Amino acid sequence: RPRALSGIQPTSGSFHLGNYLGAIRQYVALQETHDAFYMVVDLHAITMPQDPADLRANTRLSAAQLLAAGLDPERCTLFIQSHVPEHAQLGWVMNCITGFGEASRMTQFKDKSAKQGAGNATVGLFTYPILQVADILLYQANAVPVGEDQRQHIELTRDLAERFNQRFGKTFTLPAAHIVKEVAKIYDLQDPAIKMSKSSSSPKGLINLLDEPKATEKKIKSAVTDTEAEIRFDAEKKPGVSNLLTIYSTLTGESVPALEAAYEGKGYGALKTDLAAVMVDFVTPFRLRTQAYLDDPETLDSILAKGAEKARAVASETLAQTYDRLGFLPAK
Ligand code: ATP
Ligand code: MG
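Bear in mind the structure is a predicted one, so any value in this text is a computation, not a measurement.

Student: Where do I start with unusual backbone geometry in this structure?
Tutor: Residues apart from glycine generally show negative phi values, whereas peptide bonds are mostly found in trans. Although it is not a glycine, Gln140 sits at a positive phi angle of roughly 50°. You can see Gln140 is positioned in the loop between helix H7 (123–138) and strand S4 (143–145).

See the structure below:
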């Protein structure tokens, strides 16, 4: 079976709809076809300031949500990044074959550091794409399910894998981004020009999966649309309505053309009312399942312990081979 690998940050309590549609749904699907490794990336989370107690709680909450979304520990490997020290170790090696200019071109760094104010961003934030390279290469991943914003980092991963292989002999598999075009970028409900994001959406534009269903309903109903009245998919001219159609279509499995036909002659109010009901039907059981995992910490811990053990078996082998290729003297 081909390998899949992806990670998600425990940077806020709840995952949002963009995380779910753009990434987590694909994690669930790839369990069936791939030898899949998924992790909560706490090492990445500390590239921005985190309160320790919150980070600990959000890491558990993130794992619980991934299970609630459908990850099955019998069919995939779910773990916490810091439980597998090889990530930081291979990350260092990758730092040492990355050009400073090359790292400086990463647009995620530019966006995130701009938000923190000039000079305030950490070196960790600057090098986090390189740690992500290590995350992927450790598992010899073929497919990396992510949203559109991560495409550049997967390109960097391929470049560094190729560079290492050329210098030191074939060591790493070159991965490909697994991006589902329709849901690769879910937009902020209040500002459909920007992506829905944990760190930059306004509260009203961000659908958190663990929000009270009432709040979710309200956010959908107050989503920004346009001054026409026609329900039609047109990402350029009608970004707000198109975003709602994408969400609706993905959650229900109805095609966008079928939805356009069904809503012909109806107003935006009808679309929003129905989508709000679809969302509530989705988040209500999701919240309950998440809570059930949180209420049973022993089960959660044991899933994560087994996951870390399985992940380490693969990661340590890749790291040992990498160290050998580099010429590190083996410890006796
Ligand atoms: P932050 O703003 O702190 O970076 P985030 O909302 O981008 O948080 P991440 O944990 O960085 O969340 O991303 C997890 C996964 O979700 C990644 O694969 C990312 O590409 C995907 N993703 C994030 N936002 C969206 C979105 N709006 N649409 C589709 N996919 C998304
Ligand atoms: Mg992100």
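Student: Would you mind going over the pattern of salt bridges with me for this structure?
Tutor: A pair can form between side chains of opposite charge whenever their charged atoms are brought close. Counting across every chain of the model gives 17 salt bridges. Taking the shortest distance from any N to any O, the salt bridge between Arg287 and Glu212 comes out at 3.8 Å. With Arg287 in helix H12 (residues 268–294) and Glu212 in the loop between strand S5 (176–178) and helix H9 (213–221), this pair connects stretches of sequence that are 75 residues apart. Where Glu217 meets Lys221, a salt bridge forms, and the shortest distance between an N and an O atom there is 3.5 Å. Of this pair, Glu217 and Lys221 both sit in helix H9, 4 residues apart, which is roughly one turn of that helix. Assessed through its relative accessible area of 39%, Lys221 is described here as partly exposed. Each of Asp226, Glu228, Glu230, Arg232, Asp234 and Lys238 takes part in a single network of salt bridges with overlapping partners.

Student: Before we go on, may I ask you to explain the nonpolar core in this structure?
Tutor: Side chains of nonpolar character tend, in soluble globular proteins, to be buried together. Within the largest apolar cluster, 52 residues are counted, with the highest numbers of intra-cluster contacts made by Tyr38 and Leu66. With residues up to four places along the chain from it excluded, the contact list for Tyr38 reads Ala4, Ser6, Gln26, Tyr27, Leu30, Gln31, Leu71, Cys76, Thr77, Leu78, Phe79 and Pro145.

Student: Looking at this structure, I do not really get the confidence of the model for the protein chain. What am I missing?
Tutor: Any residue range with low pLDDT should be treated as having predicted coordinates unsuitable for detailed reading. Summarising the model, the protein chain shows a mean pLDDT of 96, and 100% of its residues fall at 70 or more. For this predicted complex, the interface confidence comes out at an ipTM of 0.98, alongside a pTM of 0.96.

Student: How do you make sense of the side chain of Asn58 when you look at a structure like this?
Tutor: As for its position among the elements, Asn58 is in helix H3 (residues 52–68). If we skip the residues at most four places from it in the chain, Asn58 touches Pro10, Ser12 and Gly13.

Student: For this particular structure, what's the right way to read the site of ligand 1?
Tutor: Taken together, 22 residues surround ligand 1, and among them His16, Lys112, Asp149, Lys195 and Ser199 come closest. For ligand 1, an oxygen atom lies 2.7 Å from a polar atom in the side chain of Lys112. Side-chain polar atom of Lys195 to an oxygen atom of ligand 1: 2.7 Å apart, as the coordinates give it. In the complex, 96% of the free accessible area of ligand 1, which totals 600 Å², lies under the protein chains.

Student: It is not clear to me how the packing of H7 against helix H8 (residues 151–168) should be interpreted in this structure. Could you clarify?
Tutor: Between two packed helices, the angle of one axis relative to the other and the distance separating the axes together describe the packing. Closest axis-to-axis distance for the H7/H8 pair is 9 Å, and the angle between their directions is 65°. Of the possible angle classes, the one that applies to H7 and H8 is roughly perpendicular. In this structure, the crossing between H7 and H8 has a hand that is right-handed. Counting all contacts with H7, which are made through Tyr128, Pro129, Ile130, Gln132, Val133, Ile136 and Leu137, the residues of H8 involved are His153, Ile154, Leu156, Thr157, Leu160 and Ala161.

Student: Can you help me understand the pairing of strand S2 (residues 35–40) in this one?
Tutor: Successive residues of a regular strand alternate their side chains across the two faces of the sheet. By the criterion of burial, S2 is predominantly enclosed, with 5 of the 6 residues buried. Handedness of the strand S1 (residues 3–8)-helix H1 (residues 17–30)-S2 crossover: right-handed. Two elements, S2 and strand S3 (residues 76–80), share 5 bridges in a ladder whose sense is parallel. Paired with Val40 across the strands is Ile80, a residue of S3.

Student: Honestly, the environment of Arg1 in this entry has me stumped. Any pointers?
Tutor: Tracing the chain through its elements places Arg1 in the segment before S1. Expressed as a C-alpha distance, the spacing of Arg1 and Val256, which sit 255 residues apart in the sequence, is 33 Å. For Arg1, the contacting residues outside a window of four places in its chain are Gln31, Glu32, Thr33, His34 and Asp35. Of the polar contacts made by the side chain of Arg1, one reaches the backbone oxygen of Glu32; its length is 3.1 Å. Polar contacts involving the side chain of Arg1 include one to the main-chain carbonyl oxygen of His34, which spans 3.2 Å.

Student: Just to check I follow, could you spell out H9 for this structure?
Tutor: For an α-helix the count is 3.6 residues per turn, leaving residues at separations of three or four pointing the same way. All of the buried residues along H9 are Pro213, Thr216, Lys219 and Ile220. Looking straight down H9, one finds its buried side chains confined to an arc of 120°; they lie on one side. Opposite the packed face of H9, turned more than 90 degrees from it, sit the exposed residues Lys214 and Lys218.

About the criteria used
Residues numbered from 1 in each chain as written. Chains lettered and ligands numbered in written order. Predicted model: local features only at pLDDT ≥ 70, side-chain atom pairs only at ≥ 80, totals over all residues. Heavy atoms only, no water. Helix = DSSP H or I, 4+ residues; strand = E, 2+ residues; numbered from the N terminus. Salt bridge = Lys/Arg side-chain N within 4 Å of Asp/Glu carboxyl O. Buried < 20%, exposed > 50% of the residue type's maximum accessible area, 1.4 Å probe, protein only. Core = buried A, V, L, I, M, F, W, Y, C linked by side-chain atoms within 4.5 Å. Contact = heavy atoms within 4.5 Å. pLDDT = per-residue confidence, 0-100. Near = heavy atom within 4 Å. Polar contact = N/O pair within 3.5 Å; in protein donor to acceptor, adjacent residues only side chain to side chain. Areas by Shrake-Rupley, 256 points an atom, 1.4 Å probe, with all protein chains shown as cover. Axes fitted to C-alpha atoms, helices over the stretch in contact; angles between N-to-C directions. Parallel < 35°, antiparallel > 145°, perpendicular 65-115°, else oblique. Left-handed = near helix turned anticlockwise from the far one by under 90°. Right-handed = clockwise from strand over helix to strand, strands pointing away. Pairing = 2+ DSSP bridges. Arc of directions from axis to C-beta.

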